[in-house]
Structures are given as structure tokens and as C-alpha cells.
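As a plain string of letters, each chain reads:
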Amino acid sequence: MKHTIEDERTRGLKRQVWGEAYLLTAALLLVSLFWKTYGLGLPVTACLTELVVLLVGVVYLAVRSTLVSYEFVDPSKAGRRLRALAVVAISAVVAVANAVRNWNTYGDRYTGLLDGHFLAVPVVTFLACGALLSLAFFALGRASSAGQKRLERQMKDEDE
């Protein structure tokens, strides 16, 4: 079965729309999670619905993208730089938020902002978050490249 250029454009547009819809949903879930945790002061257990929906959505998107051979992670040099910047930025935001929460909870036990025990919390949080995000991006990149190779094999078999 031969695909026309119009079919490819339609598929690309559908992928873009679904991707943007997913990103908007994920952003709203993260805002809800942030507001419940920091704004209302609820424990993380009160946000399990958002966490489960977000986790299931990410797993579904990764698996689905791999199966349809959609390039989920940009393999170019600029894409790698953008991922590295995203890992650092997200890790920094999480580390700062954790440090603020730690200070609000245990601030009376520290001698000041430059207390070694206090500074250890954001440093460890930053490193752990960076490692987990790097691992996640690595796994997504591998899955994406495996899907691309599968698509190339299918197209080669179709042409023969």
C-alpha cells in the first residue's frame, strides 16, 4: 500500500494536535499537583490521581510513539542541547521547591541558609532529579530510535 504526500501531511498534523493536547493536559495536571501540594499544603497522597494519570499518560505516549515510529525525541545536536537544558532547568526548579519546603518545615534546626545540612538537601535533590530525568530521556531516545529502525525496515520490505 503506497502512502501519498497528503496522507503523510494529515498524519503529521494529527500527531502534532495529539502531542499538543497531551502537553496541555500534562501541564494542567502539573499545575494542579503543584497547587495542591504547595498552595493548599495537602500531602502528596492527596495528589495520587494526578500522579497516576500523568504517569500512565507518559508511558502511553512513549509506547504509542514507538509503535507508530514517531520521533518522540529529537536526535539532532540541537535536540540534545535542549534536553540537557530541560534536565538542568527542571532539576533546579525541583531542588529549589524542595529547599523552600525543607526550610519551612525544618528551618529552626538550621543555623542559616549556608548551613551544610540545609545545602545538602537541594544538592542531593538536584543530582537525583537530574539523574532520573537523564535516564528517562535516554530510555525515550532508545525507544524512539528502535521505532525509527522498525519503520525503515517496514518501508524497505514494502518497497521490495
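Residues numbered from 1 in each chain as written. Predicted model: local features only at pLDDT ≥ 70, side-chain atom pairs only at ≥ 80, totals over all residues. Heavy atoms only, no water.

Some words on the overall build of the protein
At step 1: Within the protein one finds four helices and zero strands.
At step 2: Overall, the protein shows an N-to-C arrangement of helices and strands of α-α-α-α.
At step 3: Evaluated residue by residue, the protein yields a buried proportion of 22% over its 160 residues.
At step 4: Across the protein, every contact between residues at least 6 apart in sequence was considered, and the portion connecting residues at least 24 apart equals 64%.
At step 5: Carbon together with sulfur atoms contributes 70% to the accessible area of the protein, which is approximately 11800 Å² in total. (Helix = DSSP H or I, 4+ residues; strand = E, 2+ residues; numbered from the N terminus. Buried < 20%, exposed > 50% of the residue type's maximum accessible area, 1.4 Å probe, protein only. Contact = heavy atoms within 4.5 Å. Areas by Shrake-Rupley, 256 points an atom, 1.4 Å probe, with all protein chains shown as cover.)

Some thoughts on the packing of helix H3 (residues 77-106) against helix H4 (residues 116-159)
At step 1: Two elements in contact, H3 and H4, have axes separated by 8 Å at closest approach and are oriented at 145°. Crossing hand, H3 versus H4: right-handed. When H3 is examined against H4, the residues Arg83, Val87, Val88, Ile90, Ser91, Ala92, Val94, Ala95, Asn98, Ala99, Asn102 and Trp103 are found in contact with a partner set consisting of Phe118, Val121, Pro122, Thr125, Phe126, Cys129, Gly130, Leu133, Ser134 and Phe137.
At step 2: Looking at side-chain class alone, the contact of H3 with H4 contains 15 nonpolar, six polar and one charged residues. (Axes fitted to C-alpha atoms, helices over the stretch in contact; angles between N-to-C directions. Left-handed = near helix turned anticlockwise from the far one by under 90°. Nonpolar A, V, L, I, M, F, W, Y, C, P; charged D, E, K, R; others polar.)

Thoughts on H3
An α-helical turn contains 3.6 residues, so any two residues separated by three or four positions project in the same direction.
At step 1: The terminal C-alpha atoms of H3, which comprises 30 residues, lie 43 Å apart, in line with the 44 Å expected from a rise of 1.5 Å per residue.
At step 2: Looking at H3, one finds that the buried residues are Gly79, Arg83, Val87, Ser91, Ala95, Ala97, Ala99 and Asn102. (Expected span 1.5 Å × (residues − 1).)

Overview of a nonpolar patch on the surface
At step 1: Together, Val88, Val123, Phe126 and Leu127 give the surface a local cluster of nonpolar side chains, amounting to about 340 Å² of exposed area.
At step 2: Element by element, the count of residues in the nonpolar patch is highest for H4, at three residues.
At step 3: The topology assignment puts Phe126 in helix H4.
At step 4: The class for Phe126 is partly exposed, based on a relative accessible area of 30%. (Patch = residues over 30% accessible without salt bridge, like charges linked within 9 Å, V, L, I, M, F, W, Y side chains within 5 Å. Salt bridge = Lys/Arg side-chain N within 4 Å of Asp/Glu carboxyl O.)

Examining the environment of Asp115
At step 1: Tracing the chain through its elements places Asp115 in the loop between H3 and H4.
At step 2: In this view, Asp115 contacts Arg109 and Tyr110; residues no more than four positions away in its chain are not counted.

Notes on the confidence of the model for the protein
At step 1: Residue-level pLDDT values for the protein average 78, and 81% of them are 70 or greater.
At step 2: Within the protein, the lowest mean pLDDT, 72, falls on helix H1 (residues 5-39), and the highest, 87, falls on H3. (pLDDT = per-residue confidence, 0-100.)

Notes on the packing of aromatic side chains
Both the distance between ring centres and the angle between the ring planes are used here to describe each pair of aromatic rings.
At step 1: A full pass over the atoms with the stated rule returns three aromatic pairs.
At step 2: Note on Trp103 and Tyr110: the rings are 5.9 Å apart at their centroids and 15° apart in plane angle, and the pair reads as stacked.
At step 3: Overall, the relative accessible area of 30% leaves Trp103 in the partly exposed class.
At step 4: With relative accessibility at 16%, the residue Tyr110 sits in the buried group.
At step 5: Members of the aromatic cluster, joined through ring pairs, are Trp103, Tyr110 and Phe118. (Phe/Tyr/Trp six-rings, centres within 6.5 Å; stacked < 30°, edge-to-face > 60°.)

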